[in-house]
Each structure stands twice: as structure tokens, then as C-alpha cells.
Amino acid sequence: MGNIFGKSSAKAKVSRVTEQDKAVLQLKQQRDKLKQYQKRIELQLEKDREMAKKCLSTGRKERAKTLLRKKKYQEKLLSNTDAQLETIEKLASDIEFAQVEAQVISGLRVGNEALKKVNEILSIDEVEQILDETRESIEKQQEIDALLNGVLSEEDEDEVLAELDALVAAEEGPEKTPEDIGARLPDVPEDDPVAAAAAERKRKEKSGERSGKKVALEAS
């Protein structure tokens, strides 16, 4: 049972309403009451004025005078009420503004604490050391680049470019060179085809003449 009550009390929601919120609420409630009182007074003033007119019209001058005195007194009360309303509204505004200022100060406090922790992680000496090390690394790399550029000759640079071209060609895939294409083409004849055809024709004519003479000799 004790554990159950303990859990229920632990789960109880913490109220976010502050004492300043309660004070502002009470001031606004008082302001509303004063405004309602003002409306009643204004209605009563109008009634007393109308009653004073009627009394004068009926010849009751003293009664009209009494009503006007009452009206004057209530007008003073109404004026005092205006001053009270102004004070209440100003006080409520001041409290609300003070709450905003308190929230701003709280935020600044949290930010200041966070900034202090960051400054504790990196001190000025550490930052200067990091910057010096970075500067030294850059200068060292620049010296290495300068040495490399000074050691290589023009011939070395040409070889580097040729090796680079070879790597690029290997990445892009083999290309057919003119030598490879020429190897696949048929051989070009060295003799003139016209002259060769004429020689072949003459050879055949001579062969025919020899055959004719041989046949004639055998017939005789």
C-alpha cells in the first residue's frame, strides 16, 4: 500500500502556475470587477440626470438639487475608479514583463554556462597550438610540392604524362590501332591486273597455235 501511494504521489503533475501568474490573474479579476462597477455607476448617473430633469419639470427643485449632488459624488467615484483601473493594469503589465525578463535572464544563464563549458574544453593556448600545427603542416606540404616539381626534368614529365595516358587508355578499354586493322585486310597484289590479263591471253593464244600445228602434222 505504501508503495502504491508513493508511486501515485511521484506521478503527481507539478503545477506550472507560479506565484506571479496567480498575482496577475487576481489583478485582472479585480480589473474586471472595477469595469463592471463603472458600468453600473454610469447607468446610475444617467438615471439621476433624467430624474433631476423630471423633478425640475414638476417644480421639485430641492429634489432635483439632491439628485445632482448625488450625481456629482458618483462622478468623483467614477474618476477614482479610472485611476485604480490604470494602476491595476500597469501593475499586471509590469509583472508580466518581469516574468519575460526572468525567462530571458534564465536563458542567458544557461547559455553562459554552456559557453563556459566550451571554453573549458578549448583554451586559448590549445587553439593557438592547433593553428600553429595546421600552419606547419601546410608549409611542409608546400615544401614537398616544391621539391617534387624541382627534381623532375622535362623528360621525366613527358614519361609521367605518357604513363598517365596509358592508365587512362586502360581504364577506357582497348582501342584498335591502325596496325591491327591493317593485319585483317587482304594483301594488295603487286602486279598490274590489266597487264597480267593481257599476258595470260597471249599465253593462251600461243598454246592454241602450237596445238593446231601439231594436229596438222599428224594428219599429213
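Residues numbered from 1 in each chain as written. Predicted model: local features only at pLDDT ≥ 70, side-chain atom pairs only at ≥ 80, totals over all residues. Heavy atoms only, no water.

Scanning the protein chain for helices and strands turns up seven helices and zero strands. The contacts of the protein chain with a sequence gap of at least 6 include a subset with a gap of at least 24, amounting to 74%. Summed over its atoms, the accessible surface of the protein chain is roughly 19,700 Å², and 56% of this surface lies on carbon and sulfur atoms. (Helix = DSSP H or I, 4+ residues; strand = E, 2+ residues; numbered from the N terminus. Contact = heavy atoms within 4.5 Å. Areas by Shrake-Rupley, 256 points an atom, 1.4 Å probe, with all protein chains shown as cover.)

Turning to helix H2 (residues 19-57), a few remarks are in order. If you check H2, its first and last C-alpha atoms are 57 Å apart, about what 39 residues at 1.5 Å a residue would give, namely 57 Å. Those residues of H2 lying buried are Val24, Leu27, Leu34, Gln38, Ile41, Leu45, Asp48, Ala52 and Cys55. Along its buried surface, H2 packs onto helix H3 (61-121). Within two residues after H2, Gly59 carries a phi angle of roughly 90 degrees, on the positive side. (Expected span 1.5 Å × (residues − 1). Buried < 20%, exposed > 50% of the residue type's maximum accessible area, 1.4 Å probe, protein only.)

Looking now at H3. The terminal C-alpha atoms of H3 lie 90 Å apart, and with 61 residues this matches the ideal 90 Å at 1.5 Å per residue to within 8%. Considered for burial, the residues of H3 that qualify are Ala64, Leu67, Lys71, Gln74, Leu78, Thr81, Leu85, Ile88, Ala92, Ile95 and Gln99. Close packing links the buried residues of H3 with H2.

Our focus in this paragraph is a nonpolar patch on the surface. Together, Ile121, Leu122, Val127, Ile130 and Leu131 give the surface a local cluster of nonpolar side chains, amounting to about 460 Å² of exposed area. Looking at the nonpolar patch element by element, the count peaks at three residues for helix H4 (residues 124-151). With respect to the helices and strands, Ile121 occurs in helix H3. Using a relative accessible area of 62% as the deciding quantity, one classes Ile121 as exposed. (Patch = residues over 30% accessible without salt bridge, like charges linked within 9 Å, V, L, I, M, F, W, Y side chains within 5 Å. Salt bridge = Lys/Arg side-chain N within 4 Å of Asp/Glu carboxyl O.)

Next up on the list: a negative patch on the surface. On the surface, Glu154, Glu155, Glu157, Asp158, Glu159 and Glu163 cluster together into a patch of negative charge. As for its placement among the helices and strands, Glu159 is situated in helix H5 (residues 154-172). (Lys, Arg positive; Asp, Glu negative; His and termini not counted. Charge placed at Lys NZ, Arg CZ, Asp CG, Glu CD.)

Looking now at the nonpolar core. Burial of nonpolar side chains together is a common tendency in soluble globular proteins. One finds Val24, Leu27, Leu34, Leu85, Ile88, Ala92 and Ile95 forming the largest nonpolar core, which totals seven residues. Within the residue set of this core, elements represented by two or more residues are H2 and H3. In terms of residue count, H3 provides more of this core than any other element does, four residues in total. Setting aside residues no more than four positions away along its own chain, Leu34 makes contact with Thr81, Gln84, Leu85 and Ile88. (Core = buried A, V, L, I, M, F, W, Y, C linked by side-chain atoms within 4.5 Å.)

At their nearest, the axes of H2 and H3 sit 8 Å apart, and the two run at 165 degrees to each other. What the angle tells us is that H2 and H3 run roughly antiparallel. Note on packing geometry: the crossing formed by H2 with H3 is left-handed. (Axes fitted to C-alpha atoms, helices over the stretch in contact; angles between N-to-C directions. Parallel < 35°, antiparallel > 145°, perpendicular 65-115°, else oblique. Left-handed = near helix turned anticlockwise from the far one by under 90°.)

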